[in-house]
Structures are given as C-alpha cells and as structure tokens.
Amino acid sequence: MNKLHKPKPKIHLRSSIFILMISLIIVLLTDSVFYYYTKRMLTSELETKLQLIADNVAISIKHSKTGEKYVENLIGQNLRTASLAAQYRLDPDIEKVKNEELTVLSKELLIDHITLMKRSGDDIIGYKSSEPKEINMSTKTWSRDWFQAFNQLLDTKETSVESGQSLPHYWSGPMNTSMSNPQFVDKWGYYYDGRTNYILDPYVHDTFFRDYQRETGVDAVINEMIHGYTNHGAKEIAVFNTPIFLKQQEQYKKEGYTWFTDREILFGSYTMKDARDQEMVQAVMHSKQTKQLITTINGETYLKMFFPLQLDSPVVIGLTADYETVQQSIQQQQVNLLILIGSTALIAFILVILSIRFINRNREETAESIQEVYVDHIGSLFRSMKEQRHDFNNHVATIHSLVHLKEYTELDRYTTEIIVETTALNDIIQINVPALCAIVQSKVIQALERKITFSHEVSNLNQINLGAVKATDLVRIISNLIDNAFDAVTVSKKAEDKEVRLIGVLEGNVLTFKVINNGDPIPSDRLKRLFEPGFSTKQESGLHAGLGLSIVKKLVDKYDGTVHVSSSEAETSFTISIVV
C-alpha cells in the first residue's frame with residue numbers, strides 16, 4: 001500500500017494574533033497592577049519611615065521640653081539669687097539708686113540688666129534700669145499673668161498665676177521677646193519681700209538657653225535627622241504653632257519683630273511650602289488623624305505628612321520627604337518588569353508557535369495512523385468477504401452435487417455451516433464502527449487459525465458516533481483484551497473447547513464491552529497486579545510480555561472509564577465501561 005503524502009503542519013495566523021493580543025493584554029494588566037502595587041508599597045514604606053521620624057520628633061520634643069523647663073527654672077533660680085545679692089548692695093529707697101550703679105552691678109552679677117519697678121498710679125513702671133529703654137516702661141498692658149503677678153508681689157502675696165515660676169517672694173516669667181528691645185528673647189526674675197519700695201527685676205538674654213536648644217534640644221534632633229550621617233528620608237521638619245499658623249490668633253509684633261511665643265514654627269524650619277498646608281493642618285487638628293499630600297516644589301516631587309501632637313497645647317508636626325526616589329525606583333522596577341515580561345512573552349509566543357506546529361504534526365500523524373488502521377482492518381474485512389463470495393460458486397456446485405446424489409444428511413450439515421458463517425459475517429457488517437468491525441473480523445480469522453471458538457454479541461452500536469481518535473483507542477482496548485483471552489485459553493489445561501466471547505452494548509451514554517474466556521482461573525493474589533506493566537500470568541509460556549492489560553488500563557483511564565475483572569473456575573471476564 002502506498003503511503004499518503006504527509007502535509008506540512010499549518011500555523012493559523014488568526015489564532016497566533018489572538019494569542020499575541022491576549023499576551024499583550026496580560027502584559028499591560030500585569031504592568032499596571034505591578035506599578036500600583038509597587039507605588040503603594042514604596043509609598044507605604046516612606047510613610048512608615050516618616051511616621052517613625054514623627055514619633056522620634058514627638059518624643060524628643062517632650063523630653064526636650066522637660067529639659068528646657070528644667071534649664072529655664074535653673075535660670076529663674078539664679079535670677080532670684082541675683083536679686084537677693086542686688087538687694088544687699090542697693091539702697092532700699094528707689095530714689096537713692098542710680099542707673100549707673102545698676103549697670104555696674106549687672107556686670108558683677110553676670111546678668112544682662114537690672115530694672116527696678118514701682119507702682120505709679122494704677123500702673124507699675126520700670127523706674128530705674130541699666131537698660132535706658134526700660135525706664136518709664138508701662139506694664140499694665142501686659143498679659144494678665146504678668147501684671148497680676150507684679151501686683152501680688154507688691155501686696156506681699158504668694159503669686160498664683162498659671163504661667164511662670166513661683167518661689168518665695170519671687171516670680172519668674174516664661175521666656176519671651178523683650179518688650180523694651182524686641183531683638184532679644186529674655187528671661188526675667190521679679191523679687192519683692194517688703195524691705196524695699198521697689199521690685200527687683202534682673203534678666204538675661206536667651207543666649208545660654210538657645211545654645212542649650214541647639215546642642216541638645218528639639219532643633220538639634222531635627223537637624224540630625226535631616227543632615228546627619230543616617231538618611232532618614234526627611235528633607236524638612238516643622239512643628240506648627242497651630243493657632244498662629246491657622247490665623248486663629250493674631251501675632252504680636254513690635255518694631256518688625258514677632259513675639260517669641262507667637263512664632264508660626266515652634267521648632268525646625270518651614271521653607272518648602274504648599275498652598276494646601278493650612279488645609280492639612282486644619283484637618284489634622286479636627287480629626288486628630290495623620291494627613292498627607294504629594295506636591296511639586298521647584299520641579300521636584302515631595303511627600304508631605306502631618307501628624308498631631310499634644311504638648312502644653314495641641315500642635316502639628318509637618319514632615320517633607322523626597323518622593324523622586326520612590327518614582328525613580330518605581331520606574332526602574334517597571335523597566336525591569338517590562339523587560340522580563342517582554343522576554344517571557346516572546347519566549348511564550350515562540351513556545352506557542354512550536355506547540356501549534358507540534359500539535360498539527362501530531363494530528364497529522366494520528367490521522368495517518370487512524371487511516372492505516374482503517375485501511376488495514378477494513379481491507380482484511382473485504383478480502384474475507386471477497387473470498388467468501390469467490391467460494392460461493394463452489395458452495396452452489398457442491399450443494400447441487402449433494403442434491404443430485406441424494407446425500408441429504410451431508411447436505412444439511414454443509415448448508416448449516418454455510419448459514420453460520422454467513423450470519424457471523426452479517427453480524428460483523430452491522431457494527432456501526434468500521435474500525436471495530438474490522439478488528440472483530442480479523443479476530444474471527446485468528447480464532448479459526450488457533451482453533452478457538454470465538455463468538456461476539458455487539459448490539460445497539462448503530463446509535464454510537466465515536467471520533468476517530470476514540471475509535472482507534474477503543475480498537476486497541478478490545479484487541480488487547482481479546483488477545484489476552486486467546487492466550488489464556490491457549491495455555492489452559494482444561495479439556496473442553498476453548499471459548500472466547502465478546503459482548504458489547506450501549507446503554508444511555510455508557511459503552512460497555514465484556515470479554516469472557518473459559519481458561520484457567522486467575523489466582524486472587526494476582527488479580528490486583530494484572531494491570532502493572534510487565535506483569536503476566538502467562539510469563540512461563542513465553543506468549544506474552546505483560547504489556548497488553550497495562551495498555552488497556554492506561555487507555556480506559558484516559559477517558560475516565562472503569563475496568564473490572566472477575567475470575568472463577570467456570571470463566572474469567574474483563575469488563576470495561578466508557579462514557580461516550
């Protein structure tokens with residue numbers, strides 16, 4: 001038989017384009033998800049870092065405030081000591097004290113200035129001083145704490161105002177901008193015990209206190225976080241004085257100087273500004289929750305975060321961090337991802353093309369194999385039919401001779417054999433699966449050659465419509481089962497006729513085949529191993545390699561079917577069921 005020409009596998013362009021489009025969509029979706037996830041992850045990491053910085057600043061502020069309060073109180077106590085020393089050196093009558101005397105005394109006591117204060121009508125004024133600007137300075141317009149404290153001292157009462165430092169016969173006001181000379185932030189002490197007709201007011205500038213703040217205070221911590229050896233990620237840190245920053249309280253200014261207590265930024269610096277900062281600070285004060293925004297300043301992208309903090313009064317910590325590093329990291333990772341995905345997609349596309357070629361080649365080979373099975377078995381079937389038709393004339397001549405010789409008994413026997421043979425052929429032809437029809441016919445011929453009685457009852461298969469591949473697998477299953485049965489009866493030690501039966505039926509969508517033989521029974525301990533590759537109950541006969549039943553099991557499992565084996569003294573049967 002000439003082998004058909006094998007066509008080259010075809011690659012369908014439409015399928016390839018569809019696969020390519022799906023791949024591109026997957027790439028874009030993956031890239032988008034990765035971009036969002038990476039941005040969220042890196043932003044969250046930066047936010048966490050800023051949160052830690054804010055926590056550190058908050059802790060530093062609280063600790064530094066405690067330290068600053070302690071240092072400020074020490075300065076206050078030193079000013080009280082200076083007041084006592086000055087009282088022993090000065091005349092108790094203010095009229096007899098000269099301003100020059102106060103200047104010399106200030107230098108001796110290592111303080112900046114001394115002012116003597118007395119009542120003047122409903123006011124308390126600076127009457128004598130080493131600082132000329134303090135002379136005749138009114139205090140009744142000062143905040144209630146200050147003016148109230150002065151009156152309590154002159155009335156020899158214990159000071160009971162909320163702010164400042166109270167000691168026996170003494171009150172020290174909180175550090176603030178000097179009313180007489182706003183370029184200085186000063187610390188004052190006020191002493192009066194009734195032995196003079198004036199309040200002693202020694203005071204110092206904030207030089208020592210500011211040095212302490214720069215070295216160990218909040219500003220030192222902030223400077224280290226921004227400019228230190230460790231990169232914490234913050235570019236600017238500001239602690240907002242919220243009433244002033246939100247314009248809820250008017251700043252007190254004099255001679256172009258803003259009062260120290262009314263400064264917008266309590267600690268740090270505020271040069272990287274955004275129009276939404278006030279809105280963010282207001283939101284933090286209202287919700288007590290952290291807020292953030294991304295802004296562009298001088299062409300650079302920054303992340304700004306705002307954290308609430310409770311000191312003597314509520315404040316807000318603002319942190320500004322460089323967001324360019326996050327974006328650059330995202331872009332770099334995105335480029336790497338695109339390269340990776342692009343390479344993977346290209347490899348996948350090549351693999352798809354190769355897979356299509358392989359599948360097409362397998363289909364061609366499978367079709368060719370099926371065609372060969374069909375041609376071989378159907379050829380065998382029709383050769384048998386032609387041989388029987390060729391012999392028909394001889395049968396007719398024989399029948400005619402037997403009739404003529406009146407050999408009726410022999411005629412009956414002869415015609416019976418012809419009828420059986422014809423019926424068997426008719427039954428085979430009625431099977432609606434050509435490949436199965438062919439294999440049954442070939443097995444009939446093999447049975448005759450091996451002197452085995454082979455019968456088949458295949459019914460209801462005219463309704464079945466098997467695909468070519470499944471039909472080929474079905475032929476392999478039945479062929480192996482029948483061959484196994486033939487081998488079993490061949491080596492059997494029983495004296496009776498060797499019989500093999502094939503029963504096939506379609507019930508609903510379940511196709512069932514049963515192959516029965518009357519050979520020797522299979523021991524129960526061997527039944528479980530029948531389908532193992534290489535195992536055979538007939539190995540000693542040398543007739544079989546033990547592969548047929550393992551092939552049957554593999555093919556049945558391929559279609560989610562079942563195989564059942566039973567064996568007794570009378571017969572051994574193999575039953576397979578497949579959903580079609």
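Each chain carries its own residue numbering, running from 1 in the written order of its sequence. Side-chain atom pairs in this predicted model are given and counted only at pLDDT of 80 or more, local residue features only at pLDDT of at least 70, and totals for whole chains, interfaces and linings cover all residues. Side-chain numbers here rest on the full set of heavy atoms in the structure, without hydrogens or water.

Student: Outline the overall build of the protein chain, supporting the account with residue identities and numerical values.
Tutor: Here a helix means four or more residues in a row that DSSP labels H or I, a strand means two or more in a row labelled E, and each is numbered from the N terminus. Helix and strand counts for the protein chain stand at 14 helices and 20 strands. Residues counted as buried form 41% of the 580 residues belonging to the protein chain. Per-residue and other accessible areas follow the Shrake-Rupley method at a 1.4 Å probe size, with only the shown protein chains counted as cover for residues. Roughly 32,900 Å² of accessible area belongs to the protein chain as shown, and the carbon and sulfur atoms make up 54% of that amount. Between buried and exposed lies partly exposed: a residue is buried under 20% and exposed over 50% of the maximum accessible area for its type, with that area taken using a 1.4 Å probe on protein chains only.

Student: Describe the sheet that holds strand β15 (residues 314-322), naming the residues involved and giving the relevant values.
Tutor: Here the rule is simple: two strands pair whenever DSSP picks up at least two bridges between them. Strand order in this open sheet of 5 strands is β12-β9-β15-β14-β13, and the pairing throughout is antiparallel. Among the strands making up the open sheet, the edge pair consists of β12 (265-268) and β13 (291-297). Between one strand axis and the next, the sheet turns through 25° on average, direction left out of account. Here 9 bridges tie strand β14 (residues 300-310) to β15, and the two strands are oriented antiparallel to one another. When the sheet's bridge partners are listed, Q310 is paired in β15 with P314. In this analysis, two residues are considered to be in contact whenever any of their non-hydrogen atoms come within 4.5 Å of each other. Fitted lines through C-alpha atoms serve as axes, helices being fitted only where they are in contact, and the angles separating the N-to-C directions of these axes extend from 0 to 180 degrees. Helix-sheet contacts for helix α5 (residues 218-227) involve β9 (234-240) and β12, and the interaxial angle to β9 is about 155°.

Student: Go over the sheet that holds strand β18 (residues 510-517) with me, naming the residues and quoting the values.
Tutor: The pairing of strands in a sheet comes from backbone hydrogen bonds and takes either a parallel or an antiparallel form. Read across the sheet, 5 strands follow the order β16-β17-β18-β20-β19 without closing on themselves; strand pairing throughout is mixed. Edge positions in the sheet fall to β16 (453-459) and β19 (562-567), since each has one partner strand and no second. When strand polarity is set aside, the average angle formed by the axes of neighbouring strands in this sheet is 10°. Bridging between β19 and strand β20 (residues 572-579) involves 6 bridges; their strand directions are antiparallel. Bridging across to β20, S567 finds its partner in T572.

Student: Tell me about the packing of aromatic side chains, and name the residues and values.
Tutor: The aromatic pairing rule takes the rings of Phe, Tyr and Trp, using the six-membered ring of Trp, and pairs them if the centres are within 6.5 Å, calling planes under 30 degrees apart stacked, those over 60 edge-to-face and the rest tilted. For the structure shown, the criterion picks out 14 aromatic pairs. A ring pair is formed by W146 and W171, whose centres lie 5.3 Å apart and whose planes are at 90°; its orientation type is edge-to-face. Within this pair, whereas W146 is found in helix α3 (residues 144-154), its partner W171 is found in strand β4 (residues 170-172), the two being separated by 25 residues in sequence. Accessibility classification places W146 together with W171 in one group, the buried group. Judged by centre distance (5.4 Å) and plane angle (85°), the ring pair of W146 and W188 falls under edge-to-face. Of this pair, W146 sits in helix α3 while W188 sits in strand β6 (residues 185-188), placing them 42 residues apart in sequence. Judged by its relative accessible area of 5%, W188 is buried. Members of the aromatic cluster, connected to one another through ring pairs, are W142, W146, F150, W171, W188, Y190 and Y203. Counted as over-ring charges are cases with an Arg CZ or a Lys NZ within 6 Å of the ring centre that also lie within 35 degrees of the ring normal. One Lys or Arg, K118, reaches over the ring of Y127 and ends 4.0 Å from the middle of that ring.

Student: Help me get a handle on a nonpolar patch on the surface, residues and values and all.
Tutor: On the surface, F18, I22, I25, I26 and L29 cluster together into a nonpolar patch covering about 490 Å² of accessible area. Inspection of the secondary structure puts L29 in helix α1 (residues 13-89). The exposure class assigned to L29 is exposed, which follows from its relative accessible area of 53%. By definition, no residue in a patch forms a salt bridge, and every one has over 30% relative accessible area; like charges are joined within 9 Å, nonpolar side chains (Val, Leu, Ile, Met, Phe, Trp, Tyr) within 5 Å. In what follows, salt bridge is the name for a side-chain nitrogen of Lys or Arg lying within 4 Å of a carboxyl oxygen of Asp or Glu.

Student: Tell me about the pattern of salt bridges, and please be specific about residues and values.
Tutor: Following the criterion strictly, the structure yields 15 salt bridges and no others. Across the pair K443 and D483 runs a salt bridge whose closest N-O atoms are separated by 2.6 Å. Note that K443 is positioned in helix α11 (residues 434-449) and D483 in helix α12 (residues 468-490), a separation of 40 residues in sequence. We classify K443 as buried; its relative accessible area is 3%. The partly exposed category is assigned to D483, whose relative accessible area is 23%.

Student: Just give me the short version of unusual backbone geometry, but keep the residues and values in it.
Tutor: Notably, N298 is not glycine yet its phi reads approximately 55°, a positive angle. Inspection of the secondary structure puts N298 in the loop between β13 and β14. A positive phi angle, close to 55°, is found at K451, a residue other than glycine.

Student: Break down the confidence of the model for the protein chain for me, citing the residues and quoting the values.
Tutor: Looking at the protein chain as a whole, its pLDDT mean stands at 79, while 79% of the residues score no less than 70. A score between 0 and 100, pLDDT records how confident the predictor is in each residue. Looking at the elements of the protein chain, mean pLDDT is at its lowest for helix α10 (residues 408-429), recorded as 63, and at its highest for strand β7 (residues 190-191), recorded as 96. Across residues 1-11 the pLDDT falls below 50, and counting only partners more than four positions away or on other chains, this stretch makes 20 contacts in the model. pLDDT under 50 marks residues 541-545. Its contacts with residues more than four places away, or in other chains, come to 9 contacts.

Student: Residues and numbers for the pairing of strand β17 (residues 499-507), please.
Tutor: Of the two faces of β17, only one is covered, namely that formed by V500, L502, G504 and L506; the face formed by E499, R501, I503, V505 and E507 stays uncovered. In the sheet, β16 pairs with β17 via 7 bridges, with the strands oriented parallel. Each bridged residue has a counterpart across the sheet, and for S459 the counterpart in β17 is V505. Sheet topology places β17 next to β18; 8 bridges connect them, and they run antiparallel. Paired with R501 across the strands is I516, a residue of β18. Between the end of β17 and the start of β18, which pair antiparallel, lie 2 residues, with G508 showing a positive phi angle near 70°.

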